[in-house]
Amino acid sequence: MEVKARAPGKIILAGEHAVVHGSTAVAAAVDLYTYVTLRFPLQSAENNDRLTLQLKDISLEFSWSLARIKEAIPYDSTTLCRSTPTSCSQETLKSIAVLVEEQNLPKEKIWLSSGISTFLWLYTRIIGFNPATVVINSELPYGSGLGSSAALCVALTAALLASSLSDKTRGNGWSSLDETNLELLNKWAFEGEKIIHGKPSGIDNTVSAYGNMIKFCSGEITRLQSNMPLRMLITNTRVGRNTKALVSGVSQRAARHPDVMNSVFNAVDSISKELAAIIQSKDDTSVTEKEESIKELMEMNQGLLQSMGVSHSSIEAVIQTTVKHKLVSKLTGAGGGGCILTLLPTGTVVDKVVKELESSGFQCFTASIGGNGAQISY
């Protein structure tokens, strides 16, 4: 049997950094996906006693005997319940880490360790100790702020849960899970994100699972329904960044200048709320007028992010290039590098700006915003 699943990445449209200080943030799904294919062998097959993970994008394969996995990961039939998401204990995580270490990851790929650990935890908790080959490939650049780890957790969980659904309607297209299974999927994916990030907000996995857009404030996530098409040029600067250091830097600036930074955070909160209202609006305002308002809000948000100290020379270089083409851009995520969003109003031709950005060494994607969440196919 073969099951396929896909899950989208995410962007922060408004509110990054300020959200840590109580402001509202708006995030959205982007139609760049991580794909997972789950294949179960026949009983007579040679590899019916192994679990194999193939990472197609980086040409790596890992394989464990089921006996070795059972030896390393505590098994208790009373706790193996796909309908009850559970956290991975530190003791179990250490045992899983040994399984990963035994695969002798290349030093330059050691950052994959937490993702592989997450794979082993989610697989054994949801499927148990059954043989399979799991193939993963992604359109999302790793570590760039587009939610690649959450998309992995969501797509993997979707495939695992779908494999045990009683209604396996076979067809050529992608189909979404029902609300009950989406909620279960999101909870499991969040447990996966905790292994990778420690204390994630839950924004990334929620956007990836449900799609469309969400509003997030003080720990509360509200799903939004977009009522207008939205396209963005996403530019990856290829510059790595230290998210914790950037978040800490904003907090330190807020401690030094509390009144000023509170005004900044309040302004960002207003931008996020207005942006959410525009996107959800069903009034007679034309798409062009809405796009113009979003353009102004993005421009103001970027200015406020600069005042927080989280921009970077690579980000400014992208902005200067897009401005020449009369387009507005802002960083998305932590800043300090990572990715930049450029609003593409209806009818915008991006060939020239993409060519100019790519000639400077940047990576570009054109994407629709606020689309489908996790989907499965048999």
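Naming follows an unreviewed UniProt entry, where the protein appears as Mevalonate kinase of Arabidopsis thaliana x Arabidopsis arenosa. Quoted verbatim from the Sequence similarities (unreviewed entry) field of the UniProt record, the comment on the protein reads "Belongs to the GHMP kinase family. Mevalonate kinase subfamily."

A look at the UniProt feature "domain: GHMP kinase C-terminal" (unreviewed entry) in the protein
As recorded in UniProt, the feature "domain: GHMP kinase C-terminal" (unreviewed entry) lies at residues 292-359. What you have in residues 292-359 is 56% helix and 13% strand, and the ends, taken at the C-alpha atoms, are 29 Å apart.

Side note on the sheet that holds strand β11 (residues 339-343)
The strand order across the open sheet built from four strands is β10-β11-β9-β12, with neighbouring strands paired in antiparallel fashion. The strands lining the two open edges of the sheet, one partner per strand, are β10 (329-332) and β12 (363-368). If you compare each strand with its neighbour and ignore which way they point, the axes differ by 30° on average. Relative to β10, helix α9 (residues 287-308) is tilted by about 55°, and along the sheet it contacts β9 (231-236), β10 and β11. Packed onto the sheet, helix α11 (residues 351-359) meets β9 and β12 and runs at close to 10° relative to β9.

Details of the domain arrangement of the protein
Along its sequence, the protein is carved into domain 1 (2-223 + 371-377) and domain 2 (226-366). Placing a centre on the C-alpha atoms of domain 1 and another on those of domain 2 gives a separation of 28 Å. Together, the buried faces of domain 1 and domain 2 total about 2300 Å²; carbon and sulfur atoms form 66% of this surface. Joining domain 1 to domain 2, the criterion identifies one salt bridge. One salt bridge connects Lys330 with Glu16, and the closest N-O pair in it is separated by 3.0 Å. Linking domain 1 with domain 2 are 12 residue pairs in polar contact (both at pLDDT 80 or more), by the criterion used here. Sorting the residues of the side of domain 1 that touches domain 2 by element identifies β1 (2-14), β2 (25-39) and β7 (213-217) as the ones contributing at least two each. Partitioning the side of domain 1 that touches domain 2 into residue classes produces 13 nonpolar, nine polar and three charged.

Notes on the state of the cysteines
Working definition: the covalent bond between the sulfur atoms of two cysteines is a disulfide. Enumeration according to the criterion identifies zero disulfides in this entry. The thiol of Cys364 is not disulfide-bonded; the next cysteine sulfur, from Cys339, is found 9.8 Å away.

Section: the packing of helix α7 (residues 243-256) against helix α8 (residues 258-280)
Viewed as axis vectors pointing N to C, α7 and α8 meet at an angle of 125°, and their least axial separation amounts to 5 Å. The orientation of α7 relative to α8 falls into the category oblique. Counting all contacts with α7, which are made through Val250, Arg253, Ala254, Ala255 and Arg256, the residues of α8 involved are Pro258, Met261 and Phe265. Looking at the contact of α7 with α8 residue by residue, the class counts come to six nonpolar, no polar and two charged.

Topic: the pairing of strand β4 (residues 60-65)
Covered by surrounding structure in β4 are Leu60, Phe62 and Trp64 only, the residues Glu61, Ser63 and Ser65 on the alternate face being uncovered. Relative to β4, strand β3 (residues 50-55) runs antiparallel, the two being bridged by six bridges. Looking at β4, one finds that Leu51 is bridged to Trp64. Linking two consecutive strands that pair antiparallel, namely β3 and β4, is a turn of four residues; a positive phi of about 50° is found at Ser59 within it.

Examining the environment of His17
With respect to the secondary-structure elements, His17 resides in the loop between β1 and β2. Considering only alpha carbons, one finds His17 and Gln54, 37 residues apart in sequence, at a separation of 35 Å. Ignoring anything within four residues of it in the chain, the contact list for His17 reads Leu246, Val247, Val250, Leu305, Met308, Val310, Gly333 and Ala334.

The rules behind each value
Residues numbered from 1 in each chain as written. Predicted model: local features only at pLDDT ≥ 70, side-chain atom pairs only at ≥ 80, totals over all residues. Heavy atoms only, no water. UniProt positions renumbered as here; feature names shortened; annotations may be inferred. Helix = DSSP H or I, 4+ residues; strand = E, 2+ residues; numbered from the N terminus. Pairing = 2+ DSSP bridges. Axes fitted to C-alpha atoms, helices over the stretch in contact; angles between N-to-C directions. Contact = heavy atoms within 4.5 Å. Domains from an automatic or database assignment. Buried area = accessible area lost by both parts, 1.4 Å probe. Salt bridge = Lys/Arg side-chain N within 4 Å of Asp/Glu carboxyl O. Polar contact = N/O pair within 3.5 Å; in protein donor to acceptor, adjacent residues only side chain to side chain. Nonpolar A, V, L, I, M, F, W, Y, C, P; charged D, E, K, R; others polar. Disulfide = S-S within 2.5 Å. Parallel < 35°, antiparallel > 145°, perpendicular 65-115°, else oblique. Buried < 20%, exposed > 50% of the residue type's maximum accessible area, 1.4 Å probe, protein only.

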